[in-house]
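Notes for the structure review
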Amino acid sequence: MGKSAHVQTGRGVIYSKKGGAAASQPLAVSTAIAILNRGGSFIDAAIALSAVICVIEPGASHLGGDAFLITHHAKTKENLAFNGSGEAPHMAMAGAYPDGIPLHGFKSGTIPGLVSTWFQAHKHYGKLPFAELLEPAIDYADNGFAATPGFIQRIANHLTIAPDTELFRDMGIDAKSKVGDLIIQKDLAKSLRAIAVGGRDAFYDGVISKQLIDGSDGWFSAEDLKSHSTRVLAPLSIKYRDIIIYGQPPPAQGMILMEELLLCERFNFSTMSDVDRIHISVESKKIGFTDRNLILADPEFCDVNVEQILGKENIDWRFSQINIDEANNDSKAAAEGSDTTYFLVADDEGNAVSWIQSVFHGFGSSWVIPGTGIVLNNRLTGFSLDPRSPNCIEPGKRPAHTLNAWSATRDDGSLYLVGGTPGANIQVQTNLQLIINVVDLKMNVQEAIEAPRWQHLNVAGQSSLVENGSGVLEIENRVGSVVIEALRAKDHEISLIGAWAHGSSVQMLEVLPNGTYAFGSDPRCEGNAAGI
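Attention in this report is confined to the structure presented alongside it. (Residues numbered from 1 in each chain as written. Predicted model: local features only at pLDDT ≥ 70, side-chain atom pairs only at ≥ 80, totals over all residues. Heavy atoms only, no water.)

Some thoughts on the nonpolar core
This is how the line gets drawn: Here, nonpolar core refers to any group of buried Ala, Val, Leu, Ile, Met, Phe, Trp, Tyr and Cys residues whose side-chain atoms link them within 4.5 Å. Only protein chains enter the accessibility calculation, which uses a 1.4 Å probe; a residue is then buried when its area is under 20% of its type maximum, exposed when over 50%, and partly exposed in between. Only DSSP runs of H or I reaching four residues or more are called helices, and only runs of E reaching two or more are called strands; each is numbered from the N terminus. Note on contacts: a residue pair is in contact if any heavy atoms of the two residues lie within 4.5 Å.
Formed by 84 residues in total, the largest nonpolar core has its most connected members in Leu 63, Trp 118, Val 345 and Trp 355. Ranked by residues supplied to this core, first place goes to helix α2 (residues 42-56) with 13 residues. Apart from the residues within four sequence positions on either side, Leu 63 is in contact with Cys 54, Pro 112, Leu 114, Val 115, Trp 118, Leu 188, Leu 192, Ile 195, Phe 203 and Ile 374. Among the nonpolar cores identified, the runner-up in size contains 62 residues, and Leu 257, Leu 263, Ile 435 and Leu 441 belong to it.

Written out as structure tokens, the structure reads:
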């Protein structure tokens, strides 16, 4: 993690004047490029990409899941946050879970928010007819796609957790499929066609909603689905060095990234040693999670005073708690989930979207809405059952979310950076490192992505369990032994992981001063970046 921008990379930066995309799946990237070449906007291409990802990476995100977006509109210089998370259904009260919220089954799910977000984003920035945007996903569902190693591995991983699941049977997928086998999902193709023809109502007030209501024995109601909406808000924003960073407001945990950056800005990372820079970044991460745990919840149900957390008085106080010589190993915990898809798209007008979508844990609730091929999320497990918690479950309330997409503009309001990653609680840690790599260490996007990374976890290898100050600092083994031993001397418990074993898969875009796009994609995943 050296100060030099000369990081050896295995992939080149993709440069383009006319736009492009970066995602965890190459077929989805190709879909976005095709839509852009048809004259589609950045949002048109992103919706098409999103739908294809649901078909070919169903373990990470699906029509039964959520989405969060940060958009940048070049002409107006408007930046918006789309909160596409779902509410708890009308029967989801603490008393309904005497044995705790189950990991799997429809009682672990919230109202799906992704499809609503498609239509809300299209209403703002779409150009092409909506039905046209779903054609590639329908084709992959109806006629199939070739299974990748990642697809097969996700199935195997899920079967170790839920060996008796009927999920794959209900999706129409053979759980014994091998790499290269054709994966066909006829029910999902039928659902996508229903949405293409019937629009948003097909999902929330039509055939799919009826299948969800009937299939859950009324756990979800018609009113639950009809009352759902995608919130469109001003994003959180802070100044870091000479740029403005935009992130997701509550109930998403973008506030952690903002607080981390405000603390790190107090230090001159450009001249600091690798050891001290990593140490301070980790300590800032711990503080961010501590404050997150105190307040993060649905702001429509309780007062979530992010302004106070990000205000000078709190940052001054928290800054005073960072000891440059010793790690703080005593903070509070937060439980979270993991499986997610992140991607970005930019068009030839300078518009871009930072988009993250998820079913929470791998394959979400491990339950398919009967007859639809749609995997339901298990986002309800993100709630607390403690009545003292601001994140305590209530009907109509949205749980606290790990999902956070981000972007950055220069001081004139023009787009500068777009980035993000899956990875549950690792997300805000990774995004912090990316921003520091580009802004402070002057790396290009591919160097920033491929540089060795760290992740601080309460339990080694478990990004989705708990987060507190004590725990293990996992670092990719490409970092030098001198740095490792110096961090141990500061009382960090270090665990070396594989050279490319960090639990994130980054996509990133930088807009150069001359207006050229520079796209990067993480070799830690199966995806890529492409330009026009």
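With respect to the sheet that holds strand β8 (residues 236-240)
As a reminder, the rule being used: Strands are labelled as partners when DSSP assigns at least two bridges between them. Angles run from 0 to 180 degrees between N-to-C directions of axes, and those axes are lines fitted to C-alpha atoms, restricted for helices to the stretch in contact.
Strand order in the open sheet formed by 7 strands is β1-β20-β19-β15-β14-β9-β8, and the pairing between neighbours is antiparallel. Strands with a single pairing partner mark the edges of an open sheet, and in this sheet they are β1 (14-16) and β8. Going across the sheet, the axis of each strand differs from the next one's by a mean of 20°, ignoring polarity. Here strand β19 (residues 507-511) pairs with strand β20 (residues 517-521) via 5 bridges, running antiparallel. When the sheet's bridge partners are listed, Glu 510 is paired in β20 with Ala 518. Contacts from helix α12 (residues 254-264) reach β8, β9 (243-247) and β14 (406-409) within the one sheet, and its direction differs from that of β8 by about 15°. Packed onto the sheet, helix α16 (residues 427-440) meets β8, β9, β14, β15 (415-420) and β19 and runs at close to 150° relative to β15.

Here we look at the packing of aromatic side chains
Cut-off, in case you're wondering: Whether two aromatic rings pair depends on their centres lying within 6.5 Å, for rings of Phe, Tyr and Trp, where Trp uses its six-membered ring; planes under 30 degrees apart make the pair stacked, over 60 edge-to-face, and the rest tilted.
The tally for this structure, following the rule as stated, stands at 12 aromatic pairs. Ring geometry for Tyr 97 versus Trp 219: centroids 6.1 Å apart, planes at 80°, classification edge-to-face. On the criterion of sequence distance, the pair formed by Tyr 97 in the loop between β4 (78-84) and α3 (114-125) and Trp 219 in the loop between α10 (207-215) and α11 (222-226) is long-range, its members being 122 residues apart. Ring centres of Phe 145 and Phe 151 lie 5.5 Å apart, and the angle between their planes is 85°; on these two criteria the pair is classed as edge-to-face. A single burial state applies to Phe 145 and to Phe 151, both of which are buried.

Examining the environment of Cys 54
Take Cys 54: it is sitting in helix α2. A relative accessible area of 0% means that Cys 54 is categorised as buried. Residues Cys 54 and Ser 358 lie 304 residues apart in sequence; the distance between their C-alpha atoms is 9.4 Å. In this structure, Cys 54 is in contact with Ser 61, His 62, Leu 63, Leu 114 and Gln 357, ignoring residues within four places of it in sequence.

Here's the deal with the sheet that holds strand β18 (residues 494-497)
Taken together, the 3 strands give an open sheet; going across it, the order is β16-β17-β18, and neighbouring strands pair in mixed fashion. In this open sheet, the two strands that pair with only one neighbour each are β16 (454-457) and β18. Looking at each pair of strands side by side, their axes are set apart by 25° on average, direction ignored. Where strand β17 (residues 472-476) and β18 come together, 4 bridges link them in parallel fashion.

Digging into α2
We count it as follows: Here a helix's expected span is defined as the number of its residues, less one, multiplied by 1.5 Å.
Look at α2: 21 Å from first C-alpha to last across 15 residues, which is about the 21 Å you get at 1.5 Å a residue. In terms of burial, α2 is a largely internal element, 15 of the 15 residues being buried.

Functional significance is not addressed by these values, which are geometric in nature.
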